Amino acid sequence: MEWNNQPWTCFTAMHRRFFALPLEKKNSTSINKSPSFNGYIESGSEKSNNVVDTREGMYLGRKYSHDKVMIDNFPDESDLPGFAETVRTYRAQLIKLGFAMMKAVAVGLGLPDNYFEDKCSPPINLMSFWHYPLHPAETDSWGVGPHTDYGMWTFLLQDDVGGLEAEITEGKWNRLEANTRHILWLTWETASRLGPKVCIEPQDIV
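Residues numbered from 1 in each chain as written. Predicted model: local features only at pLDDT ≥ 70, side-chain atom pairs only at ≥ 80, totals over all residues. Heavy atoms only, no water.

Recorded under Sequence similarities (unreviewed entry), the UniProt text for the protein is reproduced unchanged: "Belongs to the iron/ascorbate-dependent oxidoreductase family." (UniProt positions renumbered as here; feature names shortened; annotations may be inferred.)

(A) The arrangement of the nonpolar core in detail. Judged by nonpolar contacts, the single largest core of 28 residues is most densely connected at Phe18, Phe83 and Phe129. Of all the secondary-structure elements, those providing two or more residues to this core are α1 (6-19), β4 (56-60), α3 (83-108), β5 (127-131) and β7 (153-157). Here this core gets 10 residues from one element, more than from any other, and that element is α3. Residues within four places of phenylalanine 129 in sequence aside, it is in contact with Phe11, His15, Phe18, Phe19, Glu56, Gly57, Met58, Leu60 and Phe83. (Core = buried A, V, L, I, M, F, W, Y, C linked by side-chain atoms within 4.5 Å. Buried < 20%, exposed > 50% of the residue type's maximum accessible area, 1.4 Å probe, protein only. Helix = DSSP H or I, 4+ residues; strand = E, 2+ residues; numbered from the N terminus. Contact = heavy atoms within 4.5 Å.)

(B) Quick look at the pairing of strand β8 (residues 165-169). Note: β8 against strand β9 (residues 172-175), 4 bridges, orientation antiparallel. Each residue of the ladder has a partner; that of threonine 169, found in β9, is lysine 172. The turn joining β8 and β9, which pair antiparallel and follow one another in sequence, is formed by 2 residues; a positive phi near 85 degrees is taken by glycine 171. (Pairing = 2+ DSSP bridges.)

(C) Local environment of the packing of aromatic side chains. Summed over all chains, the structure comprises 11 aromatic pairs. Ring geometry for phenylalanine 19 versus phenylalanine 129: centroids 5.7 Å apart, planes at 70 degrees, classification edge-to-face. Taken together, the residues phenylalanine 19 in helix α1 and phenylalanine 129 in strand β5 connect sequence positions 110 residues apart. By relative accessible area, which is 10% here, phenylalanine 19 ends up buried. Between arginine 55 and the ring centre of tryptophan 130, over which it is positioned, the NZ or CZ distance is 3.4 Å. Note that lysine 119 overlies the ring of tyrosine 115, its terminal NZ or CZ placed 4.0 Å from the centroid. (Phe/Tyr/Trp six-rings, centres within 6.5 Å; stacked < 30°, edge-to-face > 60°. Lys NZ or Arg CZ within 6 Å of the ring centre and 35° of its normal.)

(D) Seen up close, the sheet that holds strand β3 (residues 51-53). Strand order in the open sheet formed by 3 strands is β2-β3-β6, and the pairing between neighbours is mixed. Of all strands in the sheet, those with a lone pairing partner are β2 (46-48) and β6 (141-142), marking the two edges. Two elements, β2 and β3, share 3 bridges in a ladder whose sense is antiparallel. The residue bridging glutamate 46 from the neighbouring strand is aspartate 53, located in β3.

(E) How the structure looks around the confidence of the model for the protein. Across the protein, the average pLDDT comes to 79, with 80% of residues at or above 70. Within the protein, the element-level pLDDT minimum falls on strand β11 (residues 204-205), averaging 48, and the maximum on helix α2 (residues 23-27), averaging 94. Low confidence marks residues 195-206, where pLDDT is under 50. Its contacts with residues over four positions away, or in another chain, come to 48 contacts. (pLDDT = per-residue confidence, 0-100.)

(F) Summary view of the sheet that holds strand β1 (residues 39-41). As summarised here, the arrangement of the 3 strands in space is β1-β4-β5, forming an open sheet in which the pairing is antiparallel. Bordering the open sheet on either side are β1 and β5, each of which pairs with just one other strand. Strand-to-strand, the axes of this sheet are offset by a mean angle of 20 degrees, without reference to chain direction. In terms of strand pairing, β1 meets β4 through 3 bridges, oriented antiparallel. From the neighbouring strand, tyrosine 40 faces β4, where its bridge partner is methionine 58. (Axes fitted to C-alpha atoms, helices over the stretch in contact; angles between N-to-C directions.)

Below, the structure written as structure tokens:
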């Protein structure tokens, strides 16, 4: 899907500015300081298949399990002016896109276009963004290992560097074209439960 939207341009610029901050500034938003488990993840702090992930990133949008309250863990406004507003605007656009996709699925199944609206409200949305630092090829690690997501959709926007691969059929990996004007639309575990008429989901992505 082609994406010609100002929030994406603003978010891309803010994404780069965030990862350019000194480590102590990024760690001030650490995921370990948030009751909602939102915030910064330092490089090397996660593993895939028991191998260290070198990527650093940030999770936003998780809800605190007891009272369903979402507490985003944003950098201080003085360190990154406009960050919170940019992220909220961008996230709102993606939520709208998610509901539009559910309407398309409903129509494709011969149902009223609003069939899934009440079933997906309020939406459970998890937003994350990542930076993959360079590391030697012989290092026993990777940016992130093969995995699947657990939601209905993953809307993935890439930079122009590339490197993303998906296992569409078991044992066969396909390199996905990097295009900064396209949204990569992936269907995941929840969508697969609607049946083969809805989607073909990748086995894994890395």
